[in-house]
Amino acid sequence: MKWLQHQFESNEKHFKSGGKLETFYALYEMLYTIHFSLTNTTKKSAHVRDSLDTKRFMILVVIALTPCILFAIYNTGYQSQVASQLSLDFFSVVFRGLLLFLPVLITTFAVGGLWELIFAVVRKHEVNEGFLVTGMLLPLTLPATIPLWQVALGVSFGVVIGKEVFGGTGKNFLNPALTARAFMFFSYPAYMSGDAVWTFLSVAQDKVADTFSGATPLAVAFLTERGASVSEALVSAGYTWDRLFIGNYAASMGETSVLACLIGAFILIVTGVGSWRTMLSCVLGVVAMSTLLNIMAGPDSVAFLHLSAKWHLVMGGFAFGAVFMATDPVSSPDTNAAKWIYGILIGCLTVLIRTVNPAYPEGMMLAILLMNVFAPLIDHCVVARRLKKRIPNVL
Amino acid sequence: MKTLKVPNTYDISLSGAPSLTVSEFLSVSQVAVLPSTISHLKPKLTVKIGDSVARGQAVAFDKLSPEVKLVSPVSGTVKDIVYGQKRRLDAILISCSGDAVETHSSYTKDTLNSLDAATLKQLLLKSGLWPSFVALPFMGLAPAEGDVPAIYVAVNDDEPFAPHASVVLKGKQDQFRFGLAALKKLSKSVVVSAAMGNEIAGTALSDVVDVLVEGKYPANQPATVAYNAKPDATHNKAWTIKCQDVIAIGEFLSTGVFPNTRVIALAGPKVKEPQHMRVTVGSPIKDVVAGRCDDSVALRYIAGGVLTGRNAGLDSYLGFNENAINVLQDEFDSEFMNFVGLGPKKATYSRAYLGAAMGAKKWDYHTGVNGSARDCVACGYCAEVCSVGILPQFLMRNVVAGDVDESLAHGLLDCSECGLCTFVCPSKIELTDMFVSQKTALLEETR
């Protein structure tokens, strides 16, 4: 380690003001601080500071995402191998999964990282570690067959329009990863929705397994005819509740497993990085709204309206969104009371978009983005109430 | 006796708490008066180099209210006058010699009773003890003019590390009571607070203590008590004073002589035997700490507590209101990839490192910032440690945006400057410094 540190320090002069590579100081600073902690001391009181910094904050989210990432790699490979009727031994499955997942991940980091660096260099500030999380989240929300150029475009939009134009991490009001996904979803719907995109088929169409349909649980639920039961339709399509919970089916690469999301939620809550209030209130919102719809729905209503909360909670990207996307501290409200309102509304909107809106089968992404926009307003109302209780202290 | 539960307090669990023993360290050859350590004082000299001064004799006064005097704590000769940047008067150095003393009239309980408030005020203004009053909301020198709506007296000081109340009060309870009697002449409302569990407050002083405070740092800081106990907006302009300064007022009134010794805490992780010491006011830090610190590494000598104190350095002196010297390690090695891993050796308010689960462990904090400065990521920790109910992340945005009205509505002037929001911030934003600077700017505008 001494050697590495020495290498860094002996090259620092090139990046310092006046050096040949002065412009790229942000790059040097990023690489150095990834490896070695800073030894700068406090200049003002307080003289002592907490050990927590934003690097730790962000890395904990990545650690919490690990179960989802591992499951994404395995499951993406597995679904592809099953549909293509190829070997199902562990190594083939993982190899196939890596082959599908890694290019998306690498593209995301390469393109998104480049944008971060460009903005850091132009604005002369340090590279912010917030992108670490964005870069991990985005690939997990994409289908296995996504073209890499779309990933590049999507992450560019997410980072530049979703974040950097407002000043970078901390100043954005939308979740950058979801902004990127929404951009891709609306720009290239054929690659982001339907039945064909979720599983990568490595063989010709006639060699595909007979049982393969490609329809996601949400699509099955969406297409269930009036009068029929959605839960029965799901079960007969092979989507039992247990399977949806475990997540071994084809959909967005990292969003399928509720179990993996729960492990992530546990890590986020124990370390205090993710808000349990937001997560719990999202669940409450779904339960409340779907129960309300169950009660209101008549025999002639859309079948989806009769689906109980139990199923809503394990379908689509709800669990992933509630645990990792809605809890993004920057784009969610700051005050605790506002977090409850925000989460409950996300849950309600998710169910509404799923069941009532005929255009999109998935509601979580849009619900979170919409509530991101409302977060400052909710905060404003909560803070205004709070300030009224203060004894005024003015000049 | 009321109890007051102060919300959102936190103990940083610093190692090196001072033991309750007091050693005497009174023989110094030189002391200093440091006008710049008294907030919002604009000093004007009344002595020049070579002048002889008596103990208690004025050496400077405040330009804005000339009645407020700074006095020499010892008898001696003015040796040097030190100016800082922009010719700010930093220090008046006085070498000790002789035993000339400026004496004022002394009082007993009865004569104090018959003394009128105006005379008492004039006496305190020229006594040199006036700067021990800290006036809210700007937390600086108390105005010489006008009435004071309330005076908050804090028996305990829970900042790491300040002198322990039992040490300060040992054998001084009568002077404390006498000082309180004087304060009651200055203001209709004198609120004495002590920490829950303070033995003296519950027994010998139970008749004078009004509020028992429950909570960790900064629950017992007088400004925090004032915010949480204030009945209405009139107390926004209350004054605060610490226990030892009330004792000093009591001693001054009963003897007529400037009391020139104080108990200080010499503490912190790098002090070999953290303890209390009785020292002369204005003592050189170098002499007080000599041989008492582990100086195998670079050290930071803080006059005052580690959260609000002044980075004094070895060559400075103790300011009039500075009751502690805390010593921290000021230089340390870079760690390899320290943000990954469990972190059992990392002290944190959050739960992001295993260190948070270490219970009663005391931590050897050093002066590291422990991270790079970033924009606020709205983690919300600052609001969880604000004992005066401010939402620092919102206030910070208003201060940065220059919105004074909104900043005031968010409670800028209630900020007790405790430093905890700055301490916990993972984005390493200098929150307290921002708020203090904004308050100072407002004060400059209003006077």
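For every chain, the first residue of the written sequence is number 1, and numbering continues from 1 along that sequence. All chains are assigned letters beginning with A, and all ligands numbers beginning with 1, in the order in which they are written. The predicted origin of the model limits local features to residues at a pLDDT of at least 70 and limits the giving and counting of side-chain atom pairs to 80 or more, whereas totals for whole chains, interfaces and linings rest on all residues. To get the side-chain values, take all heavy atoms of the structure and skip hydrogens and water.

Enquirer: How do you make sense of the overall build of chain B when you look at a structure like this?
Expert: A tally of helices and strands in chain B yields 13 helices and 20 strands. For a compact globule the rule gives 2.2 Å times the number of residues to the power 0.38, and the radius of gyration it is set against comes from C-alpha atoms. Against the globule reference of 22 Å for 447 residues, chain B gives a C-alpha radius of gyration of 22 Å, in line with a compact fold. With respect to the three principal axes, the spread of C-alpha positions in chain B is 65 × 50 × 50 Å. Per-residue accessibility, obtained with a 1.4 Å probe over protein chains only, is compared with the maximum for each type, and a residue is labelled buried under 20%, exposed over 50%, and partly exposed between these values. Here chain B holds 447 residues, and 60% of them are scored as buried. Split by element, the accessible area of chain B, about 17400 Å² in all, is 50% carbon and sulfur. Numbering goes from the N terminus for both helices and strands, where a helix is a DSSP run of H or I of at least four residues and a strand is a run of E of at least two. Accessible surface is estimated by sampling points in the Shrake-Rupley manner with a 1.4 Å probe; for residues, cover comes only from the protein chains shown.

Enquirer: Help me understand the packing of helix α2 (residues 117–127) of chain B against helix α7 (residues 243–255) of chain B, please; the structure alone is not making it clear to me.
Expert: For any two helices packed against each other, the geometry is given by the interaxial angle and the distance between the axes. All names here are of chain B. Note on definitions: angles span 0 to 180 degrees between N-to-C directions of axes, and those axes are lines fitted to C-alpha atoms, for helices only across the stretch in contact. Taken N-terminus to C-terminus, the directions of α2 and α7 make an angle of 105 degrees; their axes are 12 Å apart at the nearest point. Relative to α7, the element α2 lies roughly perpendicular. Contact residues: α2 offers Leu120, Leu123, Leu124 and Ser127, while α7 offers Ile249, Phe252 and Leu253. Looking at the contact of α2 with α7 residue by residue, the classes come out as six nonpolar, one polar and no charged. Each angle is binned into one of four classes, with values under 35 degrees roughly parallel, values over 145 roughly antiparallel, values of 65 to 115 roughly perpendicular, and all other values oblique. Note on definitions: a residue-residue contact is assigned when non-hydrogen atoms from the two residues lie within 4.5 Å. Amino acid classes used here: Ala, Val, Leu, Ile, Met, Phe, Trp, Tyr, Cys and Pro are nonpolar; Asp, Glu, Lys and Arg are charged; the rest, including Gly, are polar.

Enquirer: What is the right way to look at the sheet that holds strand β19 (residues 310–311) of chain B in this model?
Expert: One key point about sheets: their strands pair by backbone hydrogen bonds, in either a parallel or an antiparallel sense. Pairing between two strands is assigned when DSSP locates at least 2 bridges connecting them. Pairing is mixed in the open sheet, where six strands are placed in the order β2-β17-β16-β20-β18-β19 (chain B). With one partner strand each, in any of the chains shown, β2 (22–25) and β19 of chain B form the two edges of the open sheet.

Enquirer: Explain the sheet that holds strand β4 (residues 43–45) of chain B to me, please; I cannot follow it from the model alone.
Expert: Residues and elements named next belong to chain B. The three strands lie next to each other as β4-β6-β7, forming an open sheet whose pairing is antiparallel. Each having just a single partner strand, β4 and β7 (69–71) make up the two edges of the open sheet. Averaged over all pairs of adjacent strands, the angle between their axes in this sheet comes to 30 degrees, without regard to strand direction. Relative to β7, strand β6 (residues 58–62) runs antiparallel, the two being bridged by three bridges. Looking across to β7, one finds that Ala58 is bridged to Val71.

Enquirer: Help me understand empty space enclosed by the protein in this model?
Expert: It is a probe the size of a water molecule, rolled over the atoms, that shows where empty space is left. All names here are of chain A. The distinction between a cavity and a pocket rests on a 1 Å grid over the protein atoms alone: a 1.4 Å probe fits inside a cavity but cannot get out, while a pocket stays open yet meets protein on both sides within 12 Å along at least five of seven lines, and a residue with an atom within 4 Å of a point counts as lining. Grid points are joined across faces, edges and corners, and a volume is the space filled by probe spheres set on the points. What the rule picks out here adds up to 10 cavities of 30 Å³ or more. Computed from the structure, the largest cavity encloses a volume of approximately 270 Å³. Together, 22 residues line the largest cavity, and Met58, Val61, Val133, Asp328 and Pro329 are the ones closest to its centre. Mapped onto the lining of the largest cavity, the elements with two or more residues apiece are α3 (54–83), α5 (130–140), α7 (176–187) and α15 (318–325).

Enquirer: I tried to follow the side chain of A:Thr33 on my own but got confused; where do I start?
Expert: The topology assignment puts A:Thr33 in helix α2 (residues 25–35). Pairs of N or O atoms within 3.5 Å make up the polar contacts considered here, provided that, within protein, one atom can donate a hydrogen while the other can accept it, and that residues adjacent in sequence are counted only when both atoms are side-chain atoms. Among the polar contacts listed, one links the side chain of A:Thr33 to the backbone oxygen of A:Glu29, at a separation of 2.8 Å. Setting aside its immediate chain neighbours within four residues, A:Thr33 contacts A:Leu38, A:Lys55 and B:Phe339.

Enquirer: Whenever I open this one, the pairing of β6(B) confuses me. Can you help?
Expert: A regular strand places its side chains on the two faces of the sheet in alternate fashion. All names here are of chain B. Counting buried residues in β6 gives four out of five residues, a clear majority hidden from the surface. Pairing of β4 with β6, which is carried by three bridges, proceeds in the antiparallel orientation. Looking across to β6, one finds that Lys44 is bridged to Phe61.

Enquirer: Quick question: what am I supposed to make of the domain arrangement of chain B here?
Expert: Much of the literature gives interface size as the accessible area that the parts lose upon coming together. Partitioning chain B into structural domains gives domain 1 (2–21 + 104–255), domain 2 (29–96) and domain 3 (371–446). All the domain ranges listed were derived from an automatic or database domain assignment. Relative to domain 3 of chain B, the C-alpha centre of domain 2 of chain B lies at a distance of 33 Å.

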